[in-house]
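# Observations on chain architecture
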Amino acid sequence: MAKVSLVNINKIYENGFHAVKGINLEIQDKEFMVLVGPSGCGKTTSLRMIAGLEGISSGEMIIGDQVVNEVAPKDRNIAMVFQNYALYPHMSVYDNMAFGLKLQKTPKDEIKERIDKAAKILDIEQLLTRKPKQLSGGQRQRVALGRAIVRKPEVFLMDEPLSNLDAKLRVQMRAELIKLHNSLETTFVYVTHDQTEAMTMGTRICVMNDGIIQQVADPKTIYNHPANMFVAGFIGAPQMNFFRGKVEAAGDGYVVNIDGTTLPLNQASGAKAKAKDKLGKELVIGVRPENVRMSDSGAGLKVKVEVTELLGSDLNVYFVLNGKHFIAKEDANKEIAFNQDLVVSFDPEKIHLFDPETEQSIL
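Residues numbered from 1 in each chain as written. Predicted model: local features only at pLDDT ≥ 70, side-chain atom pairs only at ≥ 80, totals over all residues. Heavy atoms only, no water.

All right, on to the side chain of Asn241 then. Of note, Asn241 is situated in strand β11 (residues 241-250). A polar contact is formed between the side chain of Asn241 and the backbone oxygen of Ile327, at a distance of 2.7 Å. Dropping the residues within four chain positions of it, Asn241 is found in contact with Ile285, Gly286, Val287, Arg288, Pro289, Val292, Phe326 and Ile327. (Helix = DSSP H or I, 4+ residues; strand = E, 2+ residues; numbered from the N terminus. Polar contact = N/O pair within 3.5 Å; in protein donor to acceptor, adjacent residues only side chain to side chain. Contact = heavy atoms within 4.5 Å.)

So, in structure tokens, the structure goes:
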């Protein structure tokens, strides 16, 4: 098994485009690391540099104890699972899985043993004689995983492997991949633009944007303590609301002031704002939709309902405040009508504070 280290890695293409900008990342042995971010953020390029499919402009790529900058992909003891499965259409499932092992001159008996074991783990034993065109998308994905497993790699690299599957199968395959990681006890590096995949699968998540790592942490920390506004807005669905306001002292405690309306803020957050000399200065107030409280009356921000979306047990309520659009997540049983006037407040324990210039969290 192996640790993967990216040390000040840069990727600059011939046209001058700087795709990956001096990233440093330690992926621990047996970890399930997810690289997540919008299209063009550098996550797939980073994965391909680990695989050796993309040259490194500068920095060191280390797998285990070996610097692999000049090591060919086939000699890195990694296995990659692609978005499009990359199966040979003229070969049976068995031959697809055996192909890499045959190139390595692995004995026939050992090839059969490895394939039988992988097929059992993935529940594709009955598919070994079929051709890829006879398989569903989910079955092809399992075959692609099986082809990687039989190589017994030190590191599994996966580039959006579930993006071609339908929603129900994606959920099922997420669970299968988590089980697979637990049973193989191997390092997984997984690329996706889907923050739900990142949150549900990763031991840790590396959030990237514009070729730069924004934050690396476990899913709970990423969600509850985002490092900056990008991470806060990218992770979570629906995304976090951002209001402009100020933090002010009020008696023995603190409040946030948004457009002249004050709402309570927890003591710890207020104390941090004070310690960083942010009291009375304009800040960005971040609140996740599930931490927005809506009522017919009482103290709070006066808003107007624009649209409601019923999503089974949840009701997404889109509302307008001073011409700007925000969202709350309410219980589906709550009766809320189009154009209704409501009062909004926040859970004081769940308010995030960001510097409007640097966009970094001040908490």
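Still to come is the rest of the account.
On to the domain arrangement of the chain, then. Here the chain is partitioned into domain 1 (4-234) and domain 2 (241-354). The gap between the C-alpha centroids of domain 1 and domain 2 is 39 Å. In this assembly, 8 residues from domain 1 lie in contact with 6 residues from domain 2. It is Tyr223, Met229 and Ala232 in domain 1 that bury the most area against domain 2; as a group they hold 71% of the surface buried on that side. Counting across the domain 1 and domain 2 interface gives 0 salt bridges. Inspection of the domain 1/domain 2 interface yields 3 residue pairs in polar contact (both at pLDDT 80 or more). (Domains from an automatic or database assignment. Buried area = accessible area lost by both parts, 1.4 Å probe. Salt bridge = Lys/Arg side-chain N within 4 Å of Asp/Glu carboxyl O.)

Turning to helix α5 (residues 167-184), a few remarks are in order. With 18 residues, α5 extends 26 Å between its outermost C-alpha atoms, agreeing within 8% with the 26 Å of an ideal straight helix rising 1.5 Å per residue. Among the residues of α5, those classed as buried are Met173, Arg174, Leu177, Leu180 and His181. Projected down its long axis, α5 shows its buried positions confined to an angular sector of 130°, all on one face. When the buried face of α5 is taken as reference, the exposed residues oriented beyond 90 degrees from it are Lys168 and Lys179. At its buried positions, α5 is contacted by β3 (32-36), α3 (108-122), α4 (137-149), β7 (155-159), β8 (187-192) and α6 (195-201). Capping the start of α5, Asp166 holds a side-chain oxygen 3.2 Å from the backbone nitrogen of Lys168, two or three residues further along. Phi turns positive one or two residues past the end of α5, at Glu185, with a value near 50°. (Expected span 1.5 Å × (residues − 1). Buried < 20%, exposed > 50% of the residue type's maximum accessible area, 1.4 Å probe, protein only. Arc of directions from axis to C-beta.)

Checked against the element boundaries, Tyr190 lands in strand β8. With near-sequence residues (within four places) excluded, Tyr190 lies in contact with Phe32, Met33, Val34, Leu35, Met158, Pro161, Leu162, Leu177, Glu197 and Met201. Side chain to side chain, Tyr190 and Glu197 meet in a polar contact 2.8 Å long.

Here we come to the sheet that holds β11. Strands sit in the order β13-β12-β11-β14-β20 across an open sheet of 5 strands; the sheet is antiparallel. Looking along the sheet, the strands with just one partner apiece sit at the ends: β13 (261-265) and β20 (352-354). Taken pair by pair, the neighbouring strands of this sheet meet at an average axis angle of 45°, ignoring direction. Looking at chain direction, β11 and strand β14 (residues 282-287) are connected through 6 bridges and run antiparallel. (Pairing = 2+ DSSP bridges. Axes fitted to C-alpha atoms, helices over the stretch in contact; angles between N-to-C directions.)

Attention now moves to the nonpolar core. If you look at the biggest cluster of nonpolar residues, it comprises 44 residues, and the most contacted ones within it are Val36, Met97, Leu145, Met158, Leu177 and Tyr190. Not counting chain neighbours up to four residues away, the residues in contact with Leu145 comprise Val81, Leu122, Met158, Met173, Leu177 and Leu180. (Core = buried A, V, L, I, M, F, W, Y, C linked by side-chain atoms within 4.5 Å.)

A few words on the environment of Ala148. Here Ala148 shows up in helix α4. With a relative accessible area of 4%, Ala148 lands in the buried category. Considered as a pair, Ala148 and Ile78 are 70 residues apart in the sequence and their alpha carbons are 8.5 Å apart. Look past the residues within four positions of Ala148 in its chain and what remains in contact with it is Ala79, Val81, Pro153 and Phe156.

Burial of strand β12 (residues 253-258) is extensive: 6 of the 6 residues sit out of reach of the surface. In β12, alternate side chains face the same way, and those of Gly253, Val255 and Asn257 on one face and Tyr254, Val256 and Ile258 on the other are all buried. As paired elements, β11 and β12 share 5 bridges and run antiparallel to each other. Looking at the pairing, Glu248 lines up with Val255 of β12.

Turning to the pairing of strand β19 (residues 341-346), a few remarks are in order. With 5 of its 6 residues buried, β19 lies for the most part within the structure. In terms of strand pairing, strand β15 (residues 292-295) meets β19 through 4 bridges, oriented antiparallel. Looking at the pairing, Val292 lines up with Phe346 of β19. Of the strand pairs in this sheet, strand β16 (residues 301-311) and β19 are connected by 4 bridges, and their pairing is antiparallel. Directly across from Val303, in β19, lies its bridge partner Leu342.

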